[in-house]
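Structural description and commentary
This is what each chain is made of:
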Amino acid sequence: MLPKRKEMVQNMNAFMIATFIGFTALVAIISYVKTRGEDTTTKEGYFLAGRGLPAIVICGSLLMTNISAEQLVGQNGQSYTATIGVFGWEIIAAFALVLCALFFLPKFIGTGITTIPQFFEMRYGLAVRRLAAIGFAVYYVVAMLPLVLYAGSVVLEQLFGISRMFGISRFAAVAICCVTIGIIGSIYAIFGGLRAVAVSDTINGVGLMIGCGLVVPILAFSYLGDGSFLGGINIFLHASEKLNAIAPPDAQAPWIPWPMIFTGLVVNDTQYWATNQSIIQRAFGAKSMAEAQKGVLWTAVLKCFTPIFTVVPGIIAYLIFGAGLSPQDLAYPNLLLLVIPKPILGFFAAVMFGAILSSFNSVLNSASTIFAMDIFSWAKPDADDLTVVKASKIFGTIVAIISIAISPFIMFFGQGIQAFLNESMGYILTPLFVMAIFGVTKVRVPQKACFVMTVIHIVLYAVGLNTLTPEPFHSLYILFFCFVIDMIVMFVFAKVSPSPEVKENLNPSVVMTPWKYAKFASVLVVVLIIALYIIFSPVGLGA
């Protein structure tokens, strides 16, 4: 390389790094200013932001907890291989959020709980609370946190070329990124509590929407159209083989069989959005029931549009690169390197870094919350708030270290990032979802039913995934079959050995008046979902 050329490249890399550090530091400074003086020494102040979160912060935090590198990399990788039909993971989530806002939130918030396991104790007993707490903890430590770190590290390694820059292996470069993300994310979650997490999520959300949500699609369409944005859209709209969201019943992952849109996908998404502590905790921190519903339903509306940057770029990558990329999870990072001008690549890396941090610190905060409120407080019921918060921080530090150690080795898993995430959720979240369904009703299910149902579910789900997938059945068929069996088991116990009469445990900590536009917003979301499936079907653009 010529000296002048080499100097230009070095200057450009220095500018990228400076831009990256600058935006990341800006988020940290704003988060500090906005949360300075907040009381994080009490349980409610640390774990629920003092129950003072407005709808806009709840919405931003929900989106950023959910949308991170595992979605941007994983779902775009799926659409690169399959079709636009993988947007089902996103838009059916909007329907799940409607169910959450209308049916689950009033029961959860009405009891004044901090964690989902607390609700299970009110409904079933202390033993079920411990079961749920352990289930969540295992899921977060073994699957969710390492996956967030790994997916984010793959993107950052690609954008900055860390392995090339330092002459090290890709595994070593990913490991360095995992350690960096883990340390910075832990600082937010462990020392700042839920409010610091939620505020940083909202700021990062603005960057994500501008960068990945607006600029990346515009640049990608322009590149596809040889400089013409409209020309790129025209090419995209004529790729009918990639625009049919209705896959045949025997389709395999990453395709979504059309019967599962109404069944297994609804179960998968609702268990994530309505009973996953790392998600629902944001709503628990709302200043009122109306603000909680508003934040959740605003999120539902936005989820109908997030495929613009979680799915569409993967199809554009296919139209540009063809079918030669392997593994599929390289589609999105390679597209970014191709279409993003070098001078602003640092900003995009910072936006991605923020999205990664948001998911990591949100899940870490929730894992610490469950440990403190459902495990430590049980072992030491007389501990004061300061002691509980301190125990939470120690646990969060240990969990972060374990997750960082596990995360680089996900590289050696054969399946895509998103497939691993979706399948691993089914082991833990589905039985908890079934408990929540019966928990918000007055069906008299005894405590022992929860344990029997959980054991049956894990065995059936494991056998199904390891013997019936990838063929002849999609994993969503296995999930839905297990869900139906779970429901039957609970109903049988309710009939044969009913528990004492279920009593309402209403003890709200906030005003419970619902949002007056909740039903209207819910109908709007359902109409949007139906319209999207009609547009991207054989009667629409998928013809």
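An account of the accompanying structure is given in this report. (Residues numbered from 1 in each chain as written. Predicted model: local features only at pLDDT ≥ 70, side-chain atom pairs only at ≥ 80, totals over all residues. Heavy atoms only, no water.)

Thoughts on the packing of aromatic side chains
In the structure shown here, the tally under the stated rule is 23 aromatic pairs. Plain terms: the ring middles of Phe371 and Phe376 are 6.3 Å apart, the flat faces sit at 40° to each other, and that makes the pair tilted. Plain terms: the ring middles of Phe433 and Phe483 are 5.9 Å apart, the flat faces sit at 20° to each other, and that makes the pair stacked. Pair noted here: Phe433 is in helix H20 (residues 417–439) and Phe483 is in helix H22 (residues 475–496), with a separation of 50 residues, a long-range link. (Phe/Tyr/Trp six-rings, centres within 6.5 Å; stacked < 30°, edge-to-face > 60°. Helix = DSSP H or I, 4+ residues; strand = E, 2+ residues; numbered from the N terminus.)

Structural notes on the packing of helix H5 (residues 88–110) against helix H12 (residues 264–275)
Two numbers describe how H5 lies on H12: the axes approach to 8 Å, and their chain directions differ by 50°. By the angle class used here, H5 and H12 are oblique. In the crossing of H5 with H12, the sense of the turn from one axis to the other is right-handed. Residues Gly88, Trp89, Ile92, Ala93, Phe95, Ala96, Leu97, Leu99, Cys100, Phe104 and Phe108 of H5 form the contact with H12, whose own contacting residues are Leu265, Val266, Asn268, Asp269, Thr270, Trp273 and Ala274. Residue classes in the contact of H5 with H12 are distributed as 14 nonpolar, three polar and one charged. (Axes fitted to C-alpha atoms, helices over the stretch in contact; angles between N-to-C directions. Parallel < 35°, antiparallel > 145°, perpendicular 65-115°, else oblique. Left-handed = near helix turned anticlockwise from the far one by under 90°. Contact = heavy atoms within 4.5 Å. Nonpolar A, V, L, I, M, F, W, Y, C, P; charged D, E, K, R; others polar.)

What to know about the pattern of salt bridges
Scanning the entire structure with this criterion turns up four salt bridges. Between Lys303 and Glu90 there is a salt bridge; the shortest N-O distance is 2.7 Å. Of the two residues, Lys303 sits in helix H14 (residues 289–303) while Glu90 sits in helix H5, which places them 213 residues apart along the sequence. The class of Lys303 is buried, set by a relative accessible area of 1%. (Salt bridge = Lys/Arg side-chain N within 4 Å of Asp/Glu carboxyl O. Buried < 20%, exposed > 50% of the residue type's maximum accessible area, 1.4 Å probe, protein only.)

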